[in-house]
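# A structural walkthrough
So you can see what is in the structure, the chains are spelled out below.
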Amino acid sequence: MLPNLVQQHLDFIVFMIALLVERFLPLSSWYHPNTFLSVAFRALGKRIYRAKEPKSYHYLSSTLCFSLVILVIMTITVLLLEFAYYPELLAGLILYICLQWQSPQKKVLRIARLVKQNQKATARELLSPLVARDVSKLSSAGICKAAMETFALRVARHYFTVIFIYLVFGAMATLSYHLLSLMHQAWRTDLTPNNRFLKTISALLFLIEWLPLRLLTLTIASSKATKQSIHYIKHYGRHFYQSNSGWLLSACSASLAVQLGGPAIYQSQRFNKMRIGIDRLPKADDLAVLVSRFNQARGFWLLVIIAIEILKTI
């Protein structure tokens, strides 16, 4: 009886194990596959990018690049799944590798401690690999703001969106999205946000993330200051440089009653991004509150997923 029950719910059991392992045994960046892939994707982007080429070259070259890379990796993974005795376990491994929560959480909480100790130089050094913007001249409030934004967007994309895609479309779709996201981050390191080379991959990621990021936004908004969150989404989120990010940051800004967004420097160029909110600037203690809000959202959706699985068995 027990083996049959396990077999019937093996996919869900593997899913829960992957979440637990990521929670208690997260992979270090020293040996995480993402580290190697990011370096390879960045080198590949430098190889094919030509600043003086026309728009058509940038659109075509970037599209062919990420399409071919993903096709090769996906083909190898499909072959492994075909020969795997328990493909569900390999799917769980893919999910485990794609999930990112503990690493960004530990880093932003450490940044908060450094800011409280007035060690701004060390905080900037720790923040720099997490963001594409220049952080060398950020004040304490600027460091906290950048850390809050990168934590919110990272866990939204590399945790909540990953889980959504895994549960709805499966492990292969999850891996494809993860590779796209990694490639986009790697290319953003050397290019400005509005570069034509990033247009196609950015548009594709926008479409993929549209629904999961809005579901997360509504969850954050419902936890506190719901009316203010809706007002911020209408006033700021819909007009942000990227509406997916704008929705989520608007809800976070209203929930914590702090100001987010604002001008940022990328590749020595100033980009006048919209400021979200009219409240005070964030401080170090707000980072822990933001982490708590996302933990609440994670707990809520985990209960929803468990409830749906139970209903399936009835």
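Everything here concerns the structure above.
Before going into details, it helps to say that this report is about the structure given with it.

Quick notes on the rules
Residues numbered from 1 in each chain as written. Predicted model: local features only at pLDDT ≥ 70, side-chain atom pairs only at ≥ 80, totals over all residues. Heavy atoms only, no water. Salt bridge = Lys/Arg side-chain N within 4 Å of Asp/Glu carboxyl O. Helix = DSSP H or I, 4+ residues; strand = E, 2+ residues; numbered from the N terminus. Buried < 20%, exposed > 50% of the residue type's maximum accessible area, 1.4 Å probe, protein only. Contact = heavy atoms within 4.5 Å.

### Brief notes about the pattern of salt bridges
- For the structure shown, the criterion picks out four salt bridges.
- A salt bridge links Lys-116 to Asp-285; its shortest N-O distance comes to 3.2 Å. You can see Lys-116 sitting in helix α6 (residues 102–116) and its partner Asp-285 sitting in helix α13 (residues 284–313), a full 169 residues away along the chain.
- For Lys-116, a relative accessible area of 56% corresponds to the exposed category.
- On the basis of relative accessible area, Asp-285 is assigned to the partly exposed category, the value being 41%.
- Where Asp-286 meets Arg-280, a salt bridge forms, and the shortest distance between an N and an O atom there is 2.8 Å.
- Overall, the relative accessible area of 5% leaves Asp-286 in the buried class.
- Exposure remark for Arg-280: the relative accessible area of 38% places this residue in the partly exposed category.

### Describing the environment of Leu-27
- Within the secondary structure, Leu-27 sits in the loop between α2 (10–24) and α3 (33–48).
- Look at Leu-27 and you get partly exposed, because its relative accessible area is 26%.
- Residues Leu-27 and Ala-123, spaced 96 residues apart in sequence, show a C-alpha to C-alpha distance of 22 Å.
- Apart from the residues within four sequence positions on either side, Leu-27 is in contact with His-32, Pro-33 and Tyr-96.

### Digging into unusual backbone geometry
- A positive phi angle, near 55°, is found at Ala-257, a position not held by glycine.
- Inspection of the secondary structure puts Ala-257 in the loop between α12 (243–256) and β1 (260–261).
- The residue Ser-268 is not glycine, and still its phi comes out positive at about 70°.
- Relative to the helices and strands, Ser-268 is located in the loop between β2 (264–266) and β3 (269–271).

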